[in-house]
Amino acid sequence: MAGAPTPLSEDRRAGLVGHRILRFAAADSTNDLAKLLLDEGADEGTVVVAERQVTGRGRHGRSWASPPGGLYASVVLSCEPTAVGALSLIAGIPVVQALRHFGVFAGLKWPNDVVFMEKKIGGILAEGVYRHDRFWTIVGIGVNTNLDLERLPEEVRARATSLKREVDLFVSNEEFLDFLLGKFEDVYGRFKTGTRDRLLKEYRGLCGTIGKQVTVETPKGKVRGRAWDIAPNGAIIVMDDAGAKHEISDGTVLPA
Ligand code: BTN
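Reference entry: report on the structure contained in this document. Quick caveat: nothing in here was measured; it's all calculated off a predicted structure. (Residues numbered from 1 in each chain as written. Predicted model: local features only at pLDDT ≥ 70, side-chain atom pairs only at ≥ 80, totals over all residues. Heavy atoms only, no water.)

### A closer look at helix α1 (residues 30–37)
Formally: Think of it in three bands: with a 1.4 Å probe and only protein chains considered, a residue is buried below 20% of the maximum accessible area for its type, exposed above 50%, and partly exposed in between. Secondary structure elements follow DSSP: runs of H or I no shorter than four residues count as helices, runs of E no shorter than two count as strands, and numbering proceeds from the N terminus. Throughout, a residue-residue contact means that at least one pair of heavy atoms, one from each residue, lies within 4.5 Å. Nitrogen and oxygen atoms within 3.5 Å of one another constitute a polar contact, given that in protein one can donate a hydrogen and the other can accept it, and given that sequence-neighbouring residues count only through two side-chain atoms.
Of all the eight residues making up α1, seven are buried; the element is thus mostly covered by neighbouring parts of the structure. Among the residues making up α1, those that are buried are Thr 30, Asn 31, Leu 33, Ala 34, Lys 35, Leu 36 and Leu 37. Those residues of α1 that are buried are in contact with β2 (20–24), β3 (46–50), β4 (71–77), β7 (119–131) and β8 (134–143). For α1, the capping residue at the N-terminal end is Ser 29, with a side-chain oxygen 3.2 Å from the backbone nitrogen of Asn 31.

### A look at the packing of helix α6 (residues 173–192) against helix α7 (residues 196–206)
Keep this limit in mind: Axis definition: a line fitted to C-alpha atoms, limited for helices to the stretch in contact. Angles are taken between N-to-C directions and run from 0 to 180 degrees. Orientation categories follow fixed angle ranges, with anything under 35 degrees roughly parallel, anything over 145 roughly antiparallel, 65 to 115 roughly perpendicular, and all other angles oblique. Under the grouping applied here, Gly and all other residues not named as nonpolar or charged are polar, the nonpolar ones being Ala, Val, Leu, Ile, Met, Phe, Trp, Tyr, Cys and Pro and the charged ones Asp, Glu, Lys and Arg.
Between α6 and α7, the shortest axis-to-axis distance is 8 Å and the interhelical angle comes to 135°. Of the possible angle classes, the one that applies to α6 and α7 is oblique. Within the contact between the two elements, α6 uses Val 187, Arg 190 and Phe 191 and α7 uses Arg 196, Leu 199 and Glu 202. Residue classes in the contact of α6 with α7 are distributed as three nonpolar, no polar and three charged.

### Observations concerning the site of the ligand
The criterion, for reference: By convention in this text, a residue qualifies as near a molecule or strand provided that one of its non-hydrogen atoms is within 4 Å of it.
Taken together, 20 residues lie around the ligand, and Ser 29, Gln 53, Arg 57, Arg 59 and Lys 120 are the ones closest in. Between the ligand and Thr 30, the relevant distance is 3.2 Å, taken from a nitrogen atom to a side-chain nitrogen or oxygen of the residue. Take Arg 57: an N or O atom from its main chain is 2.7 Å from a nitrogen atom of the ligand. Those elements giving two or more residues to the shell around the ligand turn out to be α1, β4, β7 and β8. Here the shell around the ligand takes four residues from β7, the largest share from any one element. Classifying every residue of the shell around the ligand by side-chain character gives six nonpolar, 10 polar and four charged.

### Concerning the side chain of Ser 78
Within the secondary structure, Ser 78 sits in the loop between β4 and α2 (84–90). A residue is classified by how much of its surface remains accessible, and Ser 78, at 11% relative accessible area, is buried. Setting aside chain neighbours within four positions, we find Ser 78 in contact with Glu 44, Arg 134, Phe 135, Trp 136, Tyr 188 and Lys 192.

### A look at the nonpolar core
Just so we agree on the cut-off: We call a set of buried residues a nonpolar core when its members are Ala, Val, Leu, Ile, Met, Phe, Trp, Tyr or Cys and they connect through side-chain atoms within 4.5 Å of each other.
Among the nonpolar cores identified, the biggest contains 59 residues, and Leu 99, Trp 110, Ile 141, Phe 176, Leu 180, Phe 184 and Phe 191 are the most heavily contacted of them. It is α6 that provides the largest number of residues to this core, a total of eight residues. With sequence-adjacent residues up to four places away left out, Phe 191 is seen in contact with Cys 79, Ala 83, Ala 86, Leu 87, Ile 90, Arg 196 and Leu 199. Grouped together as the second largest cluster of nonpolar side chains are 16 residues, Ala 50, Val 76, Val 129 and Ile 138 included.

### Notes on the sheet that holds strand β11 (residues 236–239)
Stated formally: For two strands to count as paired, DSSP must find a minimum of two bridges between them.
In spatial order, the strands read β12-β11-β10-β9-β13; together these five strands make up an open sheet with antiparallel pairing. Of all strands in the sheet, those bounded by a partner on one side alone are β12 (245–248) and β13 (252–255). Each neighbouring strand pair of the sheet contributes to a mean axis angle of 50°, computed without reference to strand direction. Direction of pairing for strand β9 (residues 213–218) relative to strand β10 (residues 221–230): antiparallel, over a ladder of six bridges. Bridging from a neighbouring strand, Thr 218 pairs with Gly 221 of β10.

Shape descriptors only; they carry no functional weight alone.
What follows is the structure, encoded as structure tokens:
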């Protein structure tokens, strides 16, 4: 396997998350680069950032357009394989907190689309990977911070917005990431030390999907009903018109 490219720079933050931040001019996908770097000493809390991605990936094998200006980062984390679903949900909390801090009153759409006024402004792709018998979780975060929406594919552009579009003040990607990682540190610390119920409660509070009439497209077909709750494993619970509850761990929420 070819080695990882050389970073443009390396920074450090106090704490675990971002104790090492490796910045690259470009990556195929920061999630893939983070996985590659696991073989070269990347450890829990390492953050990989790229100014653009060539083949950025979204959930369900979709592509994530990644022109310069956007924030593309992956965080190396460690949790038990059964907790990846919950961790991928709560990873949305610091992203929403950062957007709100800088003036965009964003929220979450299950599982972890970051949205503002029904338009997508960010997303999270969490992937589990084994290296030498150790399980790692790579949490990839994409935020439309300072990209020109015109550079997104037309079909994406219509349903997307950016920080730059929504606020007058310029916020650099460095400043945004620094704030985000500070919030991530807090959420991840609480996740590791066991207050997951409280975090899921916070997630529910930020998730606009709960309580809505929805159709969820799943690998096994569509489920229609009211988004009832979030299970501890991160699955969404939908109650259909007959009152039956469906627990769905993998799917896409569509309008009802
Ligand atoms: C989604 O909404 O479908 C998830 C999008 C996740 C995009 C980020 S950008 C950084 C990281 N690298 C990737 O290839 N994807 C994630």
